[in-house]
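What follows is the residue order along each chain.
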Amino acid sequence: MGAAYWRGLEAMTLTVAAVLAALLLFGIFVAFDGLNPVDVYRVLYLGAFGTSFSIESTLTRAAPLMLTALCVAIPARAGLLIIGGEGALVLGGITAVLAGVALAGSPPGIAIPLILVAGAAGGAAWIAIPAGLRQFRGVNETISTLLFNYIAIALLNHLVSGPMRDYAQTLKPTSWPIEPAFMIGTIPGTNVNWGLACGIVACLVAYVALRRTTLGFAMGILGGNLRAAQMTGLPVARLVLIAAALGGAAAGLAGAVEIVAVHGAASVSLVVGYGYAGILVAFIARQNPLAVIPVALLVGGISASGGLLQRRFAMPDAATTVLEGCIFVVVLASNALYGRIRLLQPRAVAPA
Amino acid sequence: MNTGTDIGGWSVVIAVLGAALRVSTPYLFVSLGETITELSGRINLGLEGTLIMGAVSGYAISYATGSPWLGVLGAGATGAAFGLLHAGLCSLPRVNDIAVGVALFILGTGLGIYLGKPLIHPVAPRLPDIHFGAWSNLPSLRAALDINALFIIGVVLAPIMLWMLRNTRWGLILRTVGDSADAARALGYSINGVRAIATALGGFFAGIGGAFLSLYYPGSWTEGLSSGQGLMAVTLVIFARWNPVNCVYAALLFGGATAVGPALQAIGYGGDYYLFGAAPYVLTLILLIRSSSTRHRMFGAPSELTFNK
C-alpha cells in the first residue's frame, strides 16, 4: 500500500471518529437540557436523511455549502486562510441580478450561463482584493476577509433599500427581479434544483485542478513552503491572486445559483450563514475538494434537521449551530492525533 | 422649552459623542483583554462567540440574583472558561489558533443563542448610570453624559494595565513569552501555561464586554445583540499597537464610527443609512492596511503572533 493510501485512511478514520465524538458531546449537552439523546439522534437522522423530503432538503442545502467550502479550500492550497465566503456569496448574488436585469429579453440559453459567470466574477473580484492586500501590503487575509463579509452585507442592504430597490415589493426590501424565464428549474424527478449539479461539478473540477495540474502543484508548493516557492522562481503573487479569485468565484457562483434557482432577486435572504458553514465543511474535509462533497451532505443534513428538532423537542433553532460548533472544535483537536495511532501508520510489508 | 432644536447641528454632534461613549465600552473591554492575549503570542478570533456567551450568562445571572454586578462577574467567568478552552485546544500540536478562533466563534454563537432562548422575555436588572451631565439644562447633553460605570472602570483599568505590563514581573514574563518562546522556555517558564492565563484573562474581559451589551446598552438579550464587536476588537488591538491606553482612544473612535449612522437617521437623514453602518468595518480595514507592511513586521507586534510568521 502506498503512502497516499495510508494518509487517506488516517484522515478518514480520524475525521469520522472526531464527528462521532462531537455527536457524543452534543448528546451529553442535550441530556443536560433534559432530553433523551437517543431520541435526539433519531430525529436528527430523520430530519437529515430519513425521508425523501428530508433528503431533498439536505441536498438543496448541501449545494451552496460545497461552493462556499471551496472558497476556503482552494485558497488554503496556496497557504491562505480565507473566511470571506459569506461576503463573496452576497457579491455574487448582486452581480448575478445586475447581469440578469441587463440581459432582459435575451434567450435564457445564453442569459443563464452569463448570469452564473457574472456571479462567479463578482465573487472572484471580491476575494481577490483581500488577497492583493495580503500580497502587496502584508494585510492579514483572515481578518480582512472577515471584515469584507460585514461590508458586503452592508452594501447589499444599501443597494436593495435604495439604488436597486423594487418598490413593488413591500414586504421587505428586495432588488429588481430577474425575468422568470431566467430561473433554472429542478433536476427532473426531484425537488432539488440544479445548484447541486453546479456544486458537485465545481468540487470535481477543483480536485482535478489542485491535484492533477501544474497550477495546482505550484499552489501546493507555495502553501507548503513560501521560501521554497520563491527560490524555485514561482510567480507567488499571481498564484496567491489566482487561488483567492478561484475560491471567490466558487462562493460567487453559490450566490448566483441562489438567485436563479431560489430567490429570483437579491435581498437579505441571501445572508443565511452558508459562508460560515462552508468554513466548517472545508475544515472537516481537510481542505480536500473531493471530501467537500460528502461533508457538505453531512453539514447540510444537520442544518436540514433543525426544523424537525425544533418541532419535536421545542429546541431552539440554534441547536444545529451548537452541534456544528462541537464538530468543528473536535475535528480541529483531532489534528493532534495524526501520526500518533500506530494502527493507521504505513507498515513495512513482511517479506514473503 | 425646545432646547433640543435650538442648538441645531450641535445636537447631532452631541448625540454621536454620547452614543460613542455608550457603544465603545464593549470594544474597550474586548480589546483590553485581547491585548493581553496577543502579547502572549496568540490571537483569539473567537471573542465574538465569547462576547455572546458573556451577554447571555450575565443577563441570566442578573435576572436570577437581581444583581447586575454579579451578572458582570459571571459573564467574566464564562468568558474565562471559553478562553481556557481556546488555550487548551491551541496547546495541542498542529492546531492553529486562528482556526480554533473561528470554531469557537461558531460554537459560542450557537451556544449563546441556544441557552438564551428562555431569556428573550424576562427583564433583568440593568447596570446603573452615573449622571455627569446633571449641571447642564440641555436634555440632550444630560442624556449624552449619563455614563455607565463599566466604561469608567475600563478607562481607569487601562493605564494600570499598561503600568503592570511595563513594570511588573508578570508583565515581563508575558512579553517574553510573546516575543520569544525560546527565550521564555530557556528561562524556565511554561509557554502554554502563560498563554492559557493570558487567553483566560482575555476571555474574562470579553465576557464583561458581552455583559455590557445585555445589561446596559442595548440592555436586553436578543439574538442579534452583537454585530461583530468581538471581531473588530481584534483589529482594534493592532491599531492600538498592543498598548492598553491606546485601546481607550481606539474604542472611542470605533464607537463614534458606529454611532454616526443612527445619529444621522435620528435627524431624518436616512438615505445612506446602511452605508454608514459599514463605517466601523471600513475604518478597521483602513487602519489594518495602514499598519501592515510586507517588508517588516508591524511596529510593536509580539514576534510570536501567527500574523508575523
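Residues numbered from 1 in each chain as written. Chains lettered and ligands numbered in written order. Predicted model: local features only at pLDDT ≥ 70, side-chain atom pairs only at ≥ 80, totals over all residues.

1. Side note on the overall build of chain A
Then comes step 1: Scanning chain A from N- to C-terminus turns up 14 helices and zero strands.
Then comes step 2: When the helices and strands of chain A are read in sequence order from the N terminus, they spell out α-α-α-α-α-α-α-α-α-α-α-α-α-α.
Then comes step 3: Seen through its principal axes, chain A has C-alpha atoms that stretch 75 × 60 × 40 Å.
Then comes step 4: Buried residues in chain A amount to 53% of all 352 residues.
Then comes step 5: Long-range pairs, those at least 24 residues apart, make up 77% of the contacts in chain A between residues at least 6 apart in sequence. (Helix = DSSP H or I, 4+ residues; strand = E, 2+ residues; numbered from the N terminus. Buried ≥ 20, exposed ≤ 12 C-beta atoms within 10 Å, placed from the backbone. Contact = placed C-beta atoms within 7 Å.)

2. Focus: the overall build of chain B
Then comes step 1: The number of helices and strands found in chain B is 14 helices and two strands.
Then comes step 2: Computed over the C-alpha atoms, the radius of gyration of chain B is 20 Å, within 12% of the 19 Å expected from 2.2 N^0.38 for a compact globule of 309 residues.
Then comes step 3: Projected onto the principal axes, the alpha-carbon positions of chain B cover approximately 70 × 45 × 35 Å.
Then comes step 4: Buried positions account for 55% of the 309 residues belonging to chain B. (Rg over C-alpha atoms; globule rule 2.2 N^0.38 Å.)

3. Digging into the interface of chain B and chain A
Then comes step 1: Each partner contributes residues to the interface: chain B has 37 residues there, and chain A has 38 residues.
Then comes step 2: Breaking the side of chain B that touches chain A down by element, the ones donating at least two residues are α5 (97-116), α11 (229-239), α13 (273-277) and α14 (279-291) of chain B.
Then comes step 3: Examining the composition of the side of chain B that touches chain A, we find that 12 residues originate from one element, α5 of chain B, more than from any other.
Then comes step 4: Here the side of chain B that touches chain A is composed, by residue class, of 25 nonpolar, nine polar and three charged. (Nonpolar A, V, L, I, M, F, W, Y, C, P; charged D, E, K, R; others polar.)

4. Examining the confidence of the model for chain A
Then comes step 1: Averaged over every residue, the pLDDT of chain A is 93; residues scoring 70 or more account for 98%.
Then comes step 2: Looking across chain A, the model is least confident in helix α9 (residues 226-231) of chain A, with a mean pLDDT of 87, and most confident in helix α4 (residues 85-102) of chain A, with 97. (pLDDT = per-residue confidence, 0-100.)

5. A closer look at the nonpolar core
One broad trend across soluble globular proteins is that nonpolar side chains are buried collectively.
Residue and element names in this part refer to chain A.
Then comes step 1: Counting residues in hydrophobic clusters, the biggest one holds 225 residues, and the most contacted among them are Met66, Leu70, Val281 and Val292.
Then comes step 2: Here this core takes 18 residues from helix α10 (residues 236-263), the largest share from any one element.
Then comes step 3: Excluding residues within four positions of it along the chain, valine 281 makes contact with Leu65, Ala69, Val292, Val295, Ala296 and Val299. (Core = buried A, V, L, I, M, F, W, Y, C linked by C-beta atoms within 7 Å.)

6. Side note on the packing of helix α4 (residues 68-90) of chain B against α5 of chain B
A packed helix pair is summarised by two numbers, namely the angle formed by the two axes and the spacing between the axes.
Residues and elements named next belong to chain B.
Then comes step 1: The geometry of α4 relative to α5 is characterised by a closest axis approach of 10 Å and an angle of 145 degrees between their N-to-C directions. Considering the relative orientation of α4 and α5, their crossing is right-handed. The segment α4 lies against α5, with Phe82, Leu85, His86, Leu89 and Cys90 engaging Asp97, Val100, Leu104 and Gly108.
Then comes step 2: Split into classes, the residues belonging to the contact of α4 with α5 amount to six nonpolar, two polar and one charged. (Axes fitted to C-alpha atoms, helices over the stretch in contact; angles between N-to-C directions. Left-handed = near helix turned anticlockwise from the far one by under 90°.)

7. Some remarks on unusual backbone geometry
For residues that are not glycine, phi is negative in most cases, and the peptide bond is trans in most cases.
Then comes step 1: Here the bond from tyrosine 217 of chain B into proline 218 of chain B is cis, since omega is 5 degrees, no more than 30 degrees from zero.
Then comes step 2: Of note, proline 218 of chain B is situated in the loop between α10 (191-215) and α11.
Then comes step 3: Residue glutamine 287 of chain A is not a glycine yet carries a positive backbone phi of 60 degrees.
Then comes step 4: Positionally, glutamine 287 of chain A belongs in the loop between α11 (274-284) and α12 (289-304).
Then comes step 5: Among the residues examined, glutamine 287 of chain A registers 19 C-beta atoms within 10 Å and is labelled partly exposed.

8. Some details on α12 of chain A
Then comes step 1: Given a rise of 1.5 Å per residue, 16 residues ought to cover 22 Å, and the 22 Å separating the end C-alpha atoms of α12 of chain A matches this to within 8%.
Then comes step 2: The largest bend in α12 of chain A amounts to roughly 30 degrees and is located at valine 295 of chain A. (Expected span 1.5 Å × (residues − 1). Bend = angle between axes of the 7 residues up to and from the residue.)

9. Regarding the packing of α4 of chain A against helix α6 (residues 141-160) of chain A
Residue and element names in this part refer to chain A.
Then comes step 1: Running from N to C, α4 and α6 point in directions that differ by 30 degrees, and their axes come no closer than 7 Å. When the axes of α4 and α6 are compared, the pair comes out roughly parallel. The crossing of α4 and α6 is left-handed. Judged by residue contacts, Glu86, Gly87, Val90, Leu91 and Ile94 of α4 engage Phe148, Asn149, Ile151, Ala152, Ile153, Leu156 and Leu159 from α6.
Then comes step 2: Here the contact of α4 with α6 is composed, by residue class, of nine nonpolar, two polar and one charged. (Parallel < 35°, antiparallel > 145°, perpendicular 65-115°, else oblique.)

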